[in-house]
Amino acid sequence: MTPPGPPEPPGPFGTPIRRTAAAALAVLAVLVTALLGDSLAQFGTGELEIPAAGSITVLRLLVVTALAVQIGELAGVRIAGDGPLPRRWSLTAAVTGCAASAGLLVLLSALSGLRLGTVYGLREGRLILITANAFVLAALCAATTRHRELAALPLAVAVGAEALRAHPESYSPVFGVSLTVIHLTAASLWFGTLLYVLRVMRLRGGGRDVLLRYARMAGWLFAALAVTGTCSTLRRLPLDGVLTTAYGRVLLVKLALFGVAALLALTARRRLLRGADAQPPARVELGVLAVVLLVSALLTVVPDPHWLLP
């Protein structure tokens, strides 16, 4: 009988080498998709490419991920109930969101050829600055032990600023902003809360009741995302632009991923009701939702089809 070989040497931070390599490959795939996704989506459409679209996509992804992690953590703490809780990531997320917002301001200044002081006077510059300041306030709340829940207020401001930034159009802006506020909040809760719940379950070595409480909330989040996403699509994307515009192509990818995430969520819920282990499909669901965030960030840099089609 062959004796067992030596244990796999640990990689950085004490994690196994294989897990570290998988994480590195995932990060590399995200960067490649973010940097090249805009060009691939616009191939053959005749649309003008957005300057520095890849860099903007990466920074937007960091902003929306920071929002999701913090909003989801605030909700996840309530869902977790009594018992040990994992280390909070809200402070790190807030600092990351602030740095990404600052990067967007610097990039906007470089692309426009204007000084930072002048960029602050632009509509988009003011909204990005509001988002950055909101992250600063959220970081201050996260750094305390008694006022962490107050971070919900600056995070709400950041969500509102992002919604306003995403709708500079003159046609029904109030309706569009309202849809985006609900959509972004629901998406942040779905991804961020699931992330926190899975961390709680890993720490406790179980916690079926925690995942079950999350599943009840997730049903409402799915409904909110489906309704707001459908309304936003109908108002911004004419049917003849679904395959002929970059926005339509990226949106189709997002809808397909959304459907996969919904199926995984239903699978996890069925396993919960049967008393089986629901964590495997829930983990895959979290990974799919992470890709949805990436595609959503990509949607913010492709041209708005409303201005391209008659």
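Because the structure is a prediction, the values reported are computed rather than measured.

Calculation rules
- Residues numbered from 1 in each chain as written.
- Predicted model: local features only at pLDDT ≥ 70, side-chain atom pairs only at ≥ 80, totals over all residues.
- Heavy atoms only, no water.
- Phe/Tyr/Trp six-rings, centres within 6.5 Å; stacked < 30°, edge-to-face > 60°.
- Helix = DSSP H or I, 4+ residues; strand = E, 2+ residues; numbered from the N terminus.
- Buried < 20%, exposed > 50% of the residue type's maximum accessible area, 1.4 Å probe, protein only.
- pLDDT = per-residue confidence, 0-100.
- Contact = heavy atoms within 4.5 Å.
- Polar contact = N/O pair within 3.5 Å; in protein donor to acceptor, adjacent residues only side chain to side chain.

1. Some thoughts on the packing of aromatic side chains
Following the criterion strictly, the structure yields three aromatic pairs and no others. Centroid distance Trp190 to Phe222: 6.5 Å. Interplanar angle 85 degrees. Geometry classified as edge-to-face. Of this pair, Trp190 sits in helix α7 (residues 173–204) while Phe222 sits in helix α8 (residues 208–236), placing them 32 residues apart in sequence. Using a relative accessible area of 3% as the deciding quantity, one classes Trp190 as buried. On the basis of relative accessibility, which here comes to 34%, the residue Phe222 falls in the partly exposed class.

2. So, the confidence of the model for the chain
For the chain, per-residue confidence averages 85 on the pLDDT scale, and 89% of positions sit at 70 or higher. Segment residues 5–14 is flagged for pLDDT under 50; beyond a separation of four residues in sequence, or across chains, it makes 10 contacts in the model.

3. Points about the side chain of Gln70
Tracing the backbone through its elements, the reader meets Gln70 in helix α2 (residues 53–80). Polar contacts involving the side chain of Gln70 include one to the main-chain carbonyl oxygen of Ala66, which spans 3.0 Å.

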